[in-house]
Structure formats: C-alpha cells, structure tokens
Amino acid sequence: MTEIGTITLYREKSVVHKVEELNDDEGGGAVPPALIMRSNRITIPVKGALNTVMVVVRGQNVPGTMRMAAVVVDEIRRDDNVFKDPDAVDWESLWRRKTSKYENDYNRQNWVSVHIAGTTVFMGGEGREGIAEVESIAMGEEVTEAIVNEAAANVLGALEDLMVEHDSQTALVFTPGATYHRAAILERRDRKTGAFSITVHHPSPQKPVRLSHFISFCADMTEALTHKSFLDRVQELIAENALSSTNITPALTQATRNRRRELIDQIDNFEEVNKVSYRPEKPTMA
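Structure report, in brief. Quick caveat: nothing in here was measured; it's all calculated off a predicted structure.

### Side note on the packing of helix α2 (residues 62–78) against helix α3 (residues 91–98)
The N-to-C vectors of α2 and α3 enclose an angle of 130 degrees; their axes lie 10 Å apart at closest approach. As the angle between them shows, α2 and α3 are arranged oblique. For the pair α2 and α3, the sense of crossing is right-handed. Between α2 and α3, the contacting residues are Gly-64, Arg-67, Met-68, Val-71, Val-72 and Glu-75 on the first element and Trp-91, Leu-94, Trp-95 and Lys-98 on the second. Looking at side-chain class alone, the contact of α2 with α3 contains six nonpolar, one polar and three charged residues.

As structure tokens, this is what we get:
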C-alpha cells in the first residue's frame, strides 16, 4: 500500500545569463537572458514498502498545476504500476479533462508536465527542455542554483560561465492525515500577501475524503480568488476611467464573472457534502 506524504507547491523562477555576453555588452544595454524558466512546482512524495518515489507536477498557473496533481494522486491510488509503466497512462487526455472552457478560451498558453523520479512522463507544449533537464537532475528534491546552472549548461551547450538567479517561494502545503486533510495557502490578493488554511474532516477512518477531491476543491478556491482580484481591478479601472487603455474586453470580463460563479457553486457543493473549516476565516470570493 502506497502512502502519500506532504505535498508542497512552490512558485519558481530561474533566469540564466551567459557571463560572456554580459561582459561583451559595451553599450550598457540590457542583455536578454539566455534562458528563463518560470512555473509552479508541486512535489508529491510517494512512500512504498521499500522506498519513496518523488513525483513532480509543474504548470503555468497554480490552479491548473493543482488539478493535474489531483490527477496524478488518483492514478497512483488506482494502480501503483504507474511507476513501472507511466507511458500506459494517457496523461494528455486526463489533463484536457481538467482544463475548463474558460482556460481554453482565455489562457491558451496553459500547460502542465509530470515527472516521476526525475523522468519526464508528460510535457504539455514545447520549448520547456530546461524544465525537463532540471527535473532529471533534481530527482524531485529541492531545486538549487547549482542544479539550474548544470541543467542550463546541458540545454544551451554553454562552454562559458553562466550566471543564475533562482527564486523559489512556498505557496501551498497539503498535509494528508488519518482524521483530516489540511491545506495551508499563501494568498496574493490586492497586491498584498496573506495566508489561510482549509481543513476537511473525514466522516470516519474507514471512509476518508479522497485527497484528489480535496486538492481539486482547493484549486477551485484558488482560481475563484484569482478571478475576484481581476474583477476588483476591473472595477478600479472603470472608476479611474482607465479601462479603455487596457486589453481587457467586455467578453473577458463577463466570461470571468461566469467562471467565478461556476467555481463558487462547485465550492458550495463540496462544503455541503463535507465538513470543512477555515482559519482564520473563509476568504471572500464574490
């Protein structure tokens, strides 16, 4: 029987410059980076009888990355042979089922990837060789500047020195448990940072809440809060008579309102079925 440990989501950004190009820039202008890697990174430790396998899910946005992590958790729970034959899983179809119409219409650059013990088993889209290389070296452990440097050198074929800036911030921690699951969420809203936690209590030890359902619930909440921030900003722009200077269209605004309403309904449905508590309090999404 496999056991899933603490799941952590990091916001990561790595910028790589070739030192030689920086030194040659006599004009003093800005030299574009040789490589930029930006994503959300979820680590999932899966403990077996003999060892722990690290599974990593990366993605373009936090809710999408969380939803793909829920897919991975379900696949592991369903059949741990996924570690022996990951290609037997149709990751592309599973990911597409988790992608909303709103995302398809208004976030075409959305992507996710799945890495098992350092091996990339699914990569949505192209041009992310750097991320695959980083994961092959990190093997699910913490990504450091040294790892990014080695990966960048392999991808770029760089013989000269590289300068690496790597930033990683913990944004969310899932703690599965025998009596409840808990998520601690660092929230960016209204250009401020706050934190809150969500706990869902199991009806009984024999009938626990599915971890994947709880992760998806938290993804819905995170996305709803993102849409609230966007719609609040739209109202500010309207008040300042500055909306016309942006690329925000009435269609996008209305679609965002509809998507937020859909997410709030899904959140309400989960809360009706399960015992959910918040600390310090439930965030306002409307």
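### Some points on the environment of Thr-253
Tracing the chain through its elements places Thr-253 in helix α8 (residues 250–273). Overall, Thr-253 belongs to the buried group, its relative accessible area being 7%. A C-alpha to C-alpha distance of 37 Å links Thr-253 and Tyr-180, two positions 73 residues apart in sequence. If we ignore the near neighbours within four places in the chain, the residues touching Thr-253 are Phe-230, Leu-231, Val-234 and Ile-248.

### Section: helix α6 (residues 145–156)
End to end, α6 covers 16 Å across 12 residues, agreeing with the expected 16 Å (1.5 Å per residue, within 8%). Along α6, the positions that sit buried rather than exposed are Ile-147, Val-148, Ala-151 and Ala-152. Mapping the buried residues of α6 onto a view down its axis gives an arc of 130 degrees, with all of them on the same face. At its buried positions, α6 is contacted by β2 (7–18), β3 (35–47), α5 (129–138) and β7 (162–175). The positive-phi residue at the C-terminal boundary of α6 is Gly-157, with phi of around 65 degrees.

### Focus: the packing of α2 against helix α7 (residues 211–239)
Packing of α2 against α7 leaves a shortest axis separation of 8 Å and a crossing angle of 175 degrees. It follows from the interaxial angle that α2 and α7 lie roughly antiparallel. Contacts from Val-62, Pro-63, Met-66, Arg-67, Ala-70, Val-73, Asp-74 and Arg-77 of α2 reach α7 at Leu-211, Ser-212, Ile-215, Ser-216, Cys-218, Ala-219, Asp-220, Thr-222 and Glu-223. Among the residues forming the contact of α2 with α7, the class breakdown is nine nonpolar, three polar and five charged.

### Quick word on the pattern of salt bridges
Evaluated as defined, the whole model comprises 15 salt bridges. Notably, a salt bridge pairs Arg-259 with Glu-262, separated by 2.6 Å at the nearest N-O pair. Taken together, the residues span about one helical turn, with Arg-259 and Glu-262 both in helix α8 at a distance of three residues. Of the residues examined, Arg-259 reaches a relative accessible area of 7% and is grouped as buried. The partly exposed category is assigned to Glu-262, whose relative accessible area is 37%.

### Some thoughts on the packing of aromatic side chains
Each aromatic ring pair is characterised by the separation of its centres together with the angle its planes make. Enumeration over the complete set of coordinates arrives at four aromatic pairs. Each ring, one from Tyr-102 and one from Tyr-106, has its centre 5.4 Å from the other, and the planes form 40 degrees; the classification is tilted. You can see Tyr-102 and its partner Tyr-106 sitting in helix α4 (residues 101–106), four residues apart, about one turn around the helix. Among the residues examined, Tyr-102 registers a relative accessible area of 13% and is labelled buried. By relative accessible area, which is 37% here, Tyr-106 ends up partly exposed.

Each value, and the rule that gives it
Residues numbered from 1 in each chain as written. Predicted model: local features only at pLDDT ≥ 70, side-chain atom pairs only at ≥ 80, totals over all residues. Heavy atoms only, no water. Axes fitted to C-alpha atoms, helices over the stretch in contact; angles between N-to-C directions. Helix = DSSP H or I, 4+ residues; strand = E, 2+ residues; numbered from the N terminus. Parallel < 35°, antiparallel > 145°, perpendicular 65-115°, else oblique. Left-handed = near helix turned anticlockwise from the far one by under 90°. Contact = heavy atoms within 4.5 Å. Nonpolar A, V, L, I, M, F, W, Y, C, P; charged D, E, K, R; others polar. Buried < 20%, exposed > 50% of the residue type's maximum accessible area, 1.4 Å probe, protein only. Expected span 1.5 Å × (residues − 1). Arc of directions from axis to C-beta. Salt bridge = Lys/Arg side-chain N within 4 Å of Asp/Glu carboxyl O. Phe/Tyr/Trp six-rings, centres within 6.5 Å; stacked < 30°, edge-to-face > 60°.

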